[in-house]
Amino acid sequence: MSTLEVSPAAPCSAESVRRIINDFTIQVATVNGSGSQTANSVLMRAIFQMGVPVSGKNMFPSNIAGLPTWFTIRASGHGYIGRKKEVDFLVAMNPETAREDVMNLPAGAAVIYDEPLKLNALRTDVHFYPAPFDKLVAPVCPEPKLRKLVRNMLYDGIIAYLLDIDMEEIRKALITQFGARKAKAAALNLGACQAGYEYASKNLPKTDPFSVERMNETAGKIIIDGNSAAAMGCMFAGVTVVTWYPITPSSSLVETLIGYLKRHRVDKETGKATYAVVQAEDELASIGMAIGAGWGGARSMTSTAGPGISLMSEIVGLGYYAEIPAVIFDVQRVGPSTGLPTRTAQGDLLSTALLSHGDTKHPMYFPSSPDECFTMAGEAFDLAEKFQTPVFVMLDLDLGMNNWMSDPFEYPTKPLDRGKVLAAEDLERLGGFARYKDVDGDGVGYRTLPNTSHPGAAYFTRGSGHNDRAAYSEREDDYVNNMDRLNRKFESIRGAMLKPVVDSHPEAKIGLVYEGTSRYAVEESRDQIRREHGVETSSLRLRGYPFTHELVDFIRKHDRVYIVDQNRDAQLLALMRLEFDPADIARLHSIRYYGGLPLDARTISDEIVRQEGL
Amino acid sequence: MSTTLTPPPPKKINRIGLEVLSYKGGKTTLCAGCGHNSVSERLIEVFYEMGIEPWKVAKFSGIGCSSKSPAYFLNLAHGFNSVHGRMPAVATGAILANRGILGIGITGDGDTASIGLGQFMHLLRRNLPLIYVIENNGVYGLTKGQFSATADLNSTLKTGVINDLPPFDCCSLALEWGATFVARTFSGDKRQLTAILKAAVSHNGLSVIDVISPCVTFNDHVGSTKSYTYMKDHEEPLHEVDFVPHFEDITVDIAEGEVQDVKMHDGSTLRLRKLDRNYNATGKFDALIALNEAEKKGEVLTGVLYVNPDKPNFLDMLNLDDAPLATLPESKVRPSRAALDELMEELR
């Protein structure tokens, strides 16, 4: 028995609706493992090819097959690519969730569904488009085993007809999806798509208001997920040792990287690899290898998610204290513990910033787009080697695993910054060195690599107390001097950290501070607040930690500053509390979302309206 | 008064012109008589005698008394005293980064058989080129005398506590998990330890050397099976181990009796003058059986238990560039602009 009730609303008719162009969300509800990913990607790409800004978000279970999955595609002529809460166009393919999916729709939405589900009996205020999927798929897919997969392409055809998506764009998207080598599979899928289109054109008169119209907002852009973008960034940053342990949602970062490296980093003359990738036995080993490799002079990295970060804690502390570079990607998911492995959050900020026992702190980058995943990967490797310390790049599942529209990446022109490394010639000239001596006043000593052919090259690295010559020491003054120098180094890192992106409105009394994927929801929310309440806001998007002075300046310019957090405990705000003056902290307010879905603009707007009393 | 001056005796140097002083380490802080100090002394001799450039060596360790010892030999080599039980991962990363390194890892029974057992297994699986010395005393010294996982069943602590759990035999485990060089020796057996270490230097892969190294403070009493007395009474050598480096002529040492010569990867020879005529050091199952039988008899079998010089090491498996990855120039590690353009085009 369903607990859902039919909302009493006006019945839908074709006459009563206005047209809504390039501003809607399609949600495809399926069962995971049913092969709907191709149909969804093709649909998203076809809209993209028509020049309309689009985003796709996969809400999937932590499971291989048989559980509900929702894929949402948002088309927005305004360029809003964050999640939108309301679904306008539902494709109900999962009998398990179909009733609830339909009942959750706003009035005026449209539903494509498999005819036997008889969903049209549920409501009168939405537009229903029934189609006999099984009957339609049989003639276009003679091989019964493939029907389950090809079946999904039928809804692409039906949607193409109803939303006025050019079938030629669907065909092109299919070819891109399958590549030239799988032309047969592309043809089979296109056949199903055409069958859906024809069925709809003959049997489904359009009554809903939604449609796609060609624009020119996506020319030259690419579609890519954040993990792949970060992987590409690593390759062009000259990564040489990659260690990892599989974990959702970060696995695809290294898996994609392996593909790129095989293509572009095997020496053409010798056939030898200019990189090493090791799938470790666990995250203790993957971070241990990354730190060992960083010590040995490699550009080393690992990639993980929250549970892996927890496991890496001890060795990250070693990296901090012994001053060893490594880059760690954290593609955040919902914690604590196993949490919701396939849902998104920004819940590792506090634990990562201060990861490991004793006094430790670590720089973090906050990419908000594939483009920034690419560039910040490069920044992170430079920062790690320049400051000889572990550096974190904080993605989240939404950024890492979903497909995003992006400007194409620019080729990095800045030479790799390998930091302060003394070669044999330098040692000959200098007559020796003290590993942890602050020669330059920036808190960063000079290091040597093992296998440097000079009798003065060696030093002893340890996670135990040491003096500036790297000798074991338990002396109070040695310990304090060392810890104070590490603090100076952290201040130097602050000076080198990427500045935030500030958008100040001269009249704004309210400011919004956020990082990463909160960007899209915040940008849209600011428009909502302006449009619906006539209130201007300013915004500051953080691109890294430690915070730079621009953040304090921004806070002081506004009466109230809302810190947007995708976690329960306001972790970004908590990091500010650790270092700001009470007067500045008093201006800070919190907006938090921690439901596991990508943050949407309405959630932020509602909170601002509530807290501001608008 | 004599008027003739006698010239000072020429300083003794090795084949690359270095004195033994160049191979020394810092002053040990371990207890006087600790077996670990003998291992450090042997390492100094071995690297000196083989004429290895000390700055080519990198020393790795975890945490514990054993892990302190890299500070007590080869001051001219880089050292890394890392985290308890995680030395294998750190060494793996460093050697991948910098393949010119001759890596030596010093661990103890706590590091290898307890907290780091998993990393030890996976290290074996990868056959990383590394000399892996277990300074095995069956006891946690640095935390003042608790049993380790290699302490024998029914052995006693100084406090009288009896061990009621069976031990791990690191050599048997190493054999099971795919080791390519497994040896057991006793820190007090200078000649055997030296020969085994030299062979390990020449081995192309991971060499596991389990050195029974008595703890004079916490585990050298009656009732301990890792004491000097027990080892002197129960050590059962399989063979006399000789090692002839590639730069020496093997004919200098013509042996009598049954001899097994193993040709090492670098052209040197590991010569095993068999005491047990049936023992074959290239047979993994022979080794496992021998260990099993010795255990039943309460003997500690020493010597090179197994060697396989032919299995590819981890760097070969990864098809790594011949030059160290650490110092590859930017031109080799950053693909061209055309490569990025091509990738972008595929995503449009």
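Because the structure is predicted, anything quoted here is derived from the model rather than measured.

Points about the overall build of chain A
Summing up its helical and strand segments, chain A has 20 helices and 24 strands in all. Here the C-alpha radius of gyration of chain A, 27 Å, is about what a compact globule of 614 residues would show, namely 25 Å. For chain A, the spread of C-alpha atoms along the principal axes amounts to about 85 × 65 × 45 Å. For chain A, buried positions account for 61% of its 614 residues.

Topic: the side chain of R541(A)
Looking at where R541(A) falls in the secondary structure, it is placed in strand 21 (residues 537-542). Those residues within four positions of R541(A) in sequence are excluded, and the remaining contacts are S368(A), E372(A), P500(A), V501(A), Y514(A), E515(A) and R519(A).

A short note on the packing of helix 1 (residues 35-49) of chain B against helix 7 (residues 190-202) of chain B
Residues and elements named next belong to chain B. At their nearest, the axes of helix 1 and helix 7 sit 9 Å apart, and the two run at 50° to each other. Relative to helix 7, the element helix 1 is oriented oblique. In this structure, the crossing between helix 1 and helix 7 has a hand that is right-handed. Together, V39, R42, L43, E45, V46, F47 and E49 of helix 1 and K190, L193, T194, L197, K198 and V201 of helix 7 make up the contact between the two elements. In the contact of helix 1 with helix 7, the residues fall into 7 nonpolar, 1 polar and 5 charged.

Here's the deal with the layout of surface pockets
Considering only enclosed or pocket space, the largest pocket measures out at about 1,100 Å³ in volume. Residue lining of the largest pocket: 40 residues in total, with Q37(A), S41(A), Q177(A), D225(A) and N403(A) positioned closest to the centre. Per-class residue counts for the lining of the largest pocket are 14 nonpolar, 22 polar and 4 charged. Looking at which domains feed residues into the lining of the largest pocket, each of domain 1 (20-211) and domain 2 (224-406) of chain A gives three or more. Computed from the structure, the second largest pocket encloses a volume of approximately 610 Å³. Lining the second largest pocket are 27 residues, and of these I101(B), L102(B), V201(B), H203(B) and D266(B) sit closest to its centre. Elements with a minimum of two residues in the lining of the second largest pocket: strand 3 (102-108), strand 4 (130-136), helix 7 and helix 10 (314-317) of chain B. The element best represented in the lining of the second largest pocket is helix 7 of chain B, accounting for 3 residues. Grouping the amino acids of the lining of the second largest pocket by side-chain chemistry returns 11 nonpolar, 10 polar and 6 charged.

Observations regarding the interface of chain A and chain B
In this assembly, 73 residues from chain A lie in contact with 57 residues from chain B. The three residues of chain A that bury the most area against chain B are Y411(A), N451(A) and F460(A), which together make up 13% of that side's buried surface. At the boundary of chain A and chain B, one finds 5 salt bridges. The residue E342(B) makes a salt bridge to R263(A) at a minimum N-O spacing of 2.6 Å. Inspection of the chain A/chain B interface yields 27 residue pairs in polar contact (both at pLDDT 80 or more).

Let's talk about the nonpolar core
Of all hydrophobic cores here, the largest spans 252 residues; its most connected members are I26(A), I165(A), M232(A) and F60(B). Counting 17 residues, the second-largest nonpolar core is a separate cluster that includes A92(A), V102(A), M103(A) and A109(A).

A short note on the domain arrangement of chain A
Bring the parts together and some accessible area is lost; that lost area is often taken as the interface size. Residue and element names in this part refer to chain A. When the domains of chain A are assigned, the result is domain 1 (20-211), domain 2 (224-406), domain 3 (424-496) and domain 4 (501-612). A C-alpha centroid distance of 36 Å is found between domain 1 and domain 4. Each side of the interface is counted separately: domain 1 has 8 residues, and domain 4 has 11 residues. Of the roughly 870 Å² buried between domain 1 and domain 4, counting both surfaces, carbon and sulfur atoms make up 56%.

With respect to the sheet that holds strand 10 (residues 239-244) of chain B
Residues and elements named next belong to chain B. Taken together, the 3 strands give an open sheet; going across it, the order is 10-12-11, and neighbouring strands pair in antiparallel fashion. Each of the sheet's edge strands pairs with one partner strand only, and the pair in question is strand 10 and strand 11 (259-263). Geometrically, the sheet is characterised by an average inter-axis angle of 20° between neighbouring strands, direction not taken into account. Looking at chain direction, strand 11 and strand 12 (residues 269-274) are connected through 5 bridges and run antiparallel. Bridge pairing in strand 12 links D261 to R271. Relative to strand 10, helix 7 is tilted by about 45°, and along the sheet it contacts strand 10 and strand 12.

Conventions we followed
- Residues numbered from 1 in each chain as written.
- Chains lettered and ligands numbered in written order.
- Predicted model: local features only at pLDDT ≥ 70, side-chain atom pairs only at ≥ 80, totals over all residues.
- Heavy atoms only, no water.
- Helix = DSSP H or I, 4+ residues; strand = E, 2+ residues; numbered from the N terminus.
- Rg over C-alpha atoms; globule rule 2.2 N^0.38 Å.
- Buried < 20%, exposed > 50% of the residue type's maximum accessible area, 1.4 Å probe, protein only.
- Contact = heavy atoms within 4.5 Å.
- Axes fitted to C-alpha atoms, helices over the stretch in contact; angles between N-to-C directions.
- Parallel < 35°, antiparallel > 145°, perpendicular 65-115°, else oblique.
- Left-handed = near helix turned anticlockwise from the far one by under 90°.
- Nonpolar A, V, L, I, M, F, W, Y, C, P; charged D, E, K, R; others polar.
- 1 Å grid on protein atoms, 1.4 Å probe; cavity = no way out; pocket = protein on both sides within 12 Å on 5 of 7 lines; lining within 4 Å.
- Points joined across faces, edges and corners; volume = space filled by probe spheres on them.
- Domains from an automatic or database assignment.
- Buried area = accessible area lost by both parts, 1.4 Å probe.
- Salt bridge = Lys/Arg side-chain N within 4 Å of Asp/Glu carboxyl O.
- Polar contact = N/O pair within 3.5 Å; in protein donor to acceptor, adjacent residues only side chain to side chain.
- Core = buried A, V, L, I, M, F, W, Y, C linked by side-chain atoms within 4.5 Å.
- Pairing = 2+ DSSP bridges.

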